[in-house]
Amino acid sequence: MADPQRIEIYDTTLRDGTQGEGFNLSLQDKLQITLKLDELGVDVIEGGFPISNPKDEAYFKEVGGLKLSHAKIAAFGMTRRRGTAAKDDPGQMALLNAQTPVVTIVGKSSPFQVEKVLSVSLEENLAMIGDSVRLMHEAGRRVIYDAEHFFDSFSVAPDYALATLHAARDAGADVLCLCDTNGGTMPERIAYAVETARTKLGSNLGIHTHNDSGLALANALAGIHAGCVHAQGTINGVGERCGNMDLLALIASLQLKYKLDCLLPGRLKLLTETSRYVYELANMIPSSGQPYVGMSAFAHKGGMHVHAVQKDATTYEHVLPESVGNSRKILVSELSGSSNIVAKVGEKFGLLNDKAMLRKVLLRVQDLENQGYQFEAAEASFELLVLSEMGRGKSYFELDNYRVATQRQATGSAVAEATLKLNVNSRGELKTEHAVSEGTGPVDALNRALRRALLSHYPTIDRLHLVDYRVRVINARAETAAAVRVIIDFRVETPDGTSDFFGTIGVDPNIIDASWKAIFDAYQYHLGKQAQKA
């Protein structure tokens, strides 16, 4: 490293991240994420663009009432308009009125962008940068200058790109952040440009990268190696087009690989929790293969791998999952050996030395996978399978029959209705329950009817929620008679306010019955877990 010191972490999830497709946050979401980022130990949280929309204006009014222990809030804005004094520019006034301790000003680095987009002279652009930064600096704000399209400009007009940085620095900018706005620069070009800028301007440089070439993290690390001491990105890499640099991967890499501090002490273990918190608030499906924090980041499937990991985790893991708040996951499939079964449920169900039972479970798994089942994302169904093979399965209710009908209205809307008859094992007594419920679709109606039938007997199911539903055709050549695999993810609200997640699976040529099998497993698994806690 050129400067082996602490790297400042600047989060732009609430502004740049919300420009990503499918990533939307309410005002309350933004405030809650602010508190979570502060808990994580992020240094600067960019709250938004105060003049761009009412939500961001409201955010800056509300965020002042939050009790933050470490992070500073930044308001983001552009340079003043052409032909307007900075003090008379509405955008500049909005930044000051946001009353944030940090202000981030973005300016053009590229002659092409200046002349084609802003339609101003190169000299006027330099004045716009200097005037805007100076106004914020003189108002007592810490100023971060984001040099938009810096690396693209540096490759064709290096003198002008550097001149824009000089204009910002001379006006009082505290950090000069070099932006790979289009995400197309290669790491060696990042390093060369940063080294040149550092030689010319000193060490107050930052790096802001996008992932359009799949190199956002590599480019950020290249910039830090070359002397940047400030890094910008988003939680989970959300952002426009292919996304921003994922701060979580950067933080873990800096602290675990390069031994560089970038969070408050002891906060690295909050990375996984923070990742999933943001996904949940934004109602997004987490990326299972996300480095460090993904559900599959420390998942092992091959029997040989599992056998080795049991002896020494470093055989197939580059860091300990606990270091980033994640956990090891042993998958079970037809590729598995007994080692996988032992690692997953051996101790839990007392199977460590029961080779006959381990073999029986493995053969059952292989038989079901031949039918189309897959248990990697359906751990709850797998545990129920093991208990059944051991003769220890407990049924909290049994299906007598169900019927699902869908009626399409003349208006074009469709309503599904499910009628369900269950035999419920309630306090040792068998009771019959009938329930009828409507839903937006047949699966929703069936799930609602099941909840209605069980709720009076098992009130804890009120904390069980279906959060994701996935269906896959198995034997496509059979066309409409093909079997389908349904995997459903569920969330359980815990008393401490957090959530537990698990998945179940069903396979059948009838998509409704495949869905029923997955739902059936989910409720049986949940009720079994609650009984263990009682």
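Since the model is a prediction, treat every value here as computed from it, not as a measurement. (Residues numbered from 1 in each chain as written. Predicted model: local features only at pLDDT ≥ 70, side-chain atom pairs only at ≥ 80, totals over all residues. Heavy atoms only, no water.)

### Regarding empty space enclosed by the protein
Phase 1: With the rule as written, the count across this model stands at 1 cavity of 30 Å³ or more.
Phase 2: By volume, the largest cavity amounts to about 40 Å³.
Phase 3: Contributing to the lining of the largest cavity are Ser-275, Arg-276, Tyr-279, Pro-286, Ser-287, Gln-290, Val-293, Gly-294 and Met-295.
Phase 4: Of the residues belonging to the lining of the largest cavity, the class tally is 4 nonpolar, 4 polar and 1 charged. (1 Å grid on protein atoms, 1.4 Å probe; cavity = no way out; pocket = protein on both sides within 12 Å on 5 of 7 lines; lining within 4 Å. Points joined across faces, edges and corners; volume = space filled by probe spheres on them. Nonpolar A, V, L, I, M, F, W, Y, C, P; charged D, E, K, R; others polar.)

### Considering unusual backbone geometry
Phase 1: One non-glycine residue, Ser-119, lies in positive phi territory at about 60°.
Phase 2: Mapping Ser-119 onto the fold places it in the loop between α4 (111–118) and α5 (122–138).
Phase 3: A positive phi angle, near 55°, is found at Lys-259, a position not held by glycine.
Phase 4: Looking at the secondary structure, you find Lys-259 in the loop between α10 (247–257) and α11 (271–281). (Helix = DSSP H or I, 4+ residues; strand = E, 2+ residues; numbered from the N terminus.)

### Structural notes on the layout of surface pockets
Phase 1: Considering only enclosed or pocket space, the second largest pocket measures out at about 740 Å³ in volume.
Phase 2: Surrounding the second largest pocket, 29 residues form its lining, Leu-384, Leu-385, Ser-388, Asp-521 and Gln-524 being those nearest its centre.
Phase 3: Those elements that place two or more of their residues in the lining of the second largest pocket are α14 (355–371), α15 (379–389) and α17 (511–533).
Phase 4: Per-element accounting of the lining of the second largest pocket gives the leading share, 9 residues, to α17.

### Brief notes about the sheet that holds strand β13 (residues 429–439)
Phase 1: Spatially, the 3 strands line up as an open sheet ordered β11-β12-β13, and their pairing is antiparallel. Whereas interior strands pair on both sides, the edge strands pair on one side only; in this sheet they are β11 (397–408) and β13. The average undirected angle you get between the axes of adjacent strands in this sheet is 10°.
Phase 2: As paired elements, β11 and strand β12 (residues 414–426) share 11 bridges and run antiparallel to each other. When the sheet's bridge partners are listed, Arg-408 is paired in β12 with Ala-414.
Phase 3: The sheet contacts of α17 involve β11 and β12, and relative to β11 the element is tilted by about 135°. (Pairing = 2+ DSSP bridges. Axes fitted to C-alpha atoms, helices over the stretch in contact; angles between N-to-C directions. Contact = heavy atoms within 4.5 Å.)

### Comments concerning the pattern of salt bridges
Pairs may arise between side chains of opposite charge once their charged atoms sit close together.
Phase 1: In this structure the tally under the stated criterion is 25 salt bridges.
Phase 2: Between Arg-470 and Asp-489 there is a salt bridge, with the nearest N and O atoms lying 2.7 Å from each other. With Arg-470 in strand β14 (residues 464–473) and Asp-489 in strand β15 (residues 484–493), this residue pair connects regions lying 19 residues apart in the sequence.
Phase 3: Ionic pairing is found between Glu-493 and Arg-491, a salt bridge with its closest N-O pair at 3.9 Å.
Phase 4: One network of salt bridges, in which partners are shared, links Arg-80, Glu-124, Asp-131 and Arg-134. (Salt bridge = Lys/Arg side-chain N within 4 Å of Asp/Glu carboxyl O.)

### Section: the sheet that holds strand β5 (residues 142–148)
Sheets are built from strands paired through backbone hydrogen bonds, the pairs being either parallel or antiparallel.
Phase 1: Strand order around the closed barrel formed by 8 strands is β1-β2-β3-β4-β5-β6-β7-β8, with parallel pairing between neighbours. Across this sheet, the average inter-strand angle for adjacent strands is 25°, counted without regard to direction.
Phase 2: Judged from the 4 bridges that link them, β5 and strand β6 (residues 175–180) form a sheet pairing that is parallel. If you follow Tyr-145 over to β6, its bridge partner there is Leu-176.

### Examining the pairing of strand β16 (residues 499–508)
Phase 1: The element β16 is largely enclosed, with a buried count of 7 among its 10 residues.
Phase 2: Here β15 runs beside β16; their pairing, made up of 10 bridges, is antiparallel. Residue pairing across strands places Ile-488 opposite Thr-504, the latter belonging to β16.
Phase 3: Connecting β15 to the antiparallel partner β16 that follows it, the hairpin turn spans 5 residues, and Gly-497 within it adopts a positive phi of roughly 90°. (Buried < 20%, exposed > 50% of the residue type's maximum accessible area, 1.4 Å probe, protein only.)

### Some words on the pairing of strand β2 (residues 44–48)
Phase 1: With 5 of its 5 residues buried, β2 lies for the most part within the structure.
Phase 2: A crossover links strand β1 (residues 8–11) with its parallel partner β2, the connecting element being helix α1 (residues 27–40), and its sense is right-handed.
Phase 3: Inspection of the sheet shows β2 paired to strand β3 (residues 72–78) by 4 bridges, in the parallel sense. What sits directly across from Ile-45, in β3, is Ile-73. (Right-handed = clockwise from strand over helix to strand, strands pointing away.)

### A closer look at the environment of Pro-54
Phase 1: Mapped onto the secondary structure, Pro-54 falls in helix α2 (residues 54–63).
Phase 2: The spatial distance from the C-alpha of Pro-54 to the C-alpha of Leu-96 is 16 Å, given a sequence separation of 42 residues.

### Focus: the side chain of Asp-38
Phase 1: Structurally, the position occupied by Asp-38 is in helix α1.
Phase 2: Notably, Asp-38 is buried but unbridged: the nearest opposite-charge side chain belongs to Arg-267, and the N-O separation is 6.6 Å.
Phase 3: If near-sequence neighbours (up to four positions away) are discounted, Asp-38 is found in contact with Ile-45, Lys-67, Leu-68, Ser-69, His-70, Ala-71 and Arg-267. (Lys, Arg positive; Asp, Glu negative; His and termini not counted.)

### Focus on the packing of aromatic side chains
Any aromatic ring pair is given by two values, namely how distant the centres are and how the planes are angled relative to each other.
Phase 1: What the rule picks out here adds up to 11 aromatic pairs.
Phase 2: The interplanar angle of 40° and the centroid separation of 5.7 Å between the aromatic rings of Tyr-402 and Trp-516 together place this pair among those described as tilted. Of this pair, Tyr-402 sits in strand β11 while Trp-516 is found in helix α17, placing the two residues 114 residues apart along the sequence.
Phase 3: Judged by relative accessible area, Tyr-402 falls into the partly exposed class, the value being 23%.
Phase 4: Overall, the relative accessible area of 6% leaves Trp-516 in the buried class.
Phase 5: Feature note: the residues Phe-150, Phe-151, Phe-154 and Tyr-192 constitute an aromatic cluster, connected by ring pairs.
Phase 6: Sitting over the face of the ring of Phe-76, Arg-15 holds its NZ or CZ atom 3.7 Å from the ring centroid. (Phe/Tyr/Trp six-rings, centres within 6.5 Å; stacked < 30°, edge-to-face > 60°. Lys NZ or Arg CZ within 6 Å of the ring centre and 35° of its normal.)

Geometric values such as these leave the question of function open.
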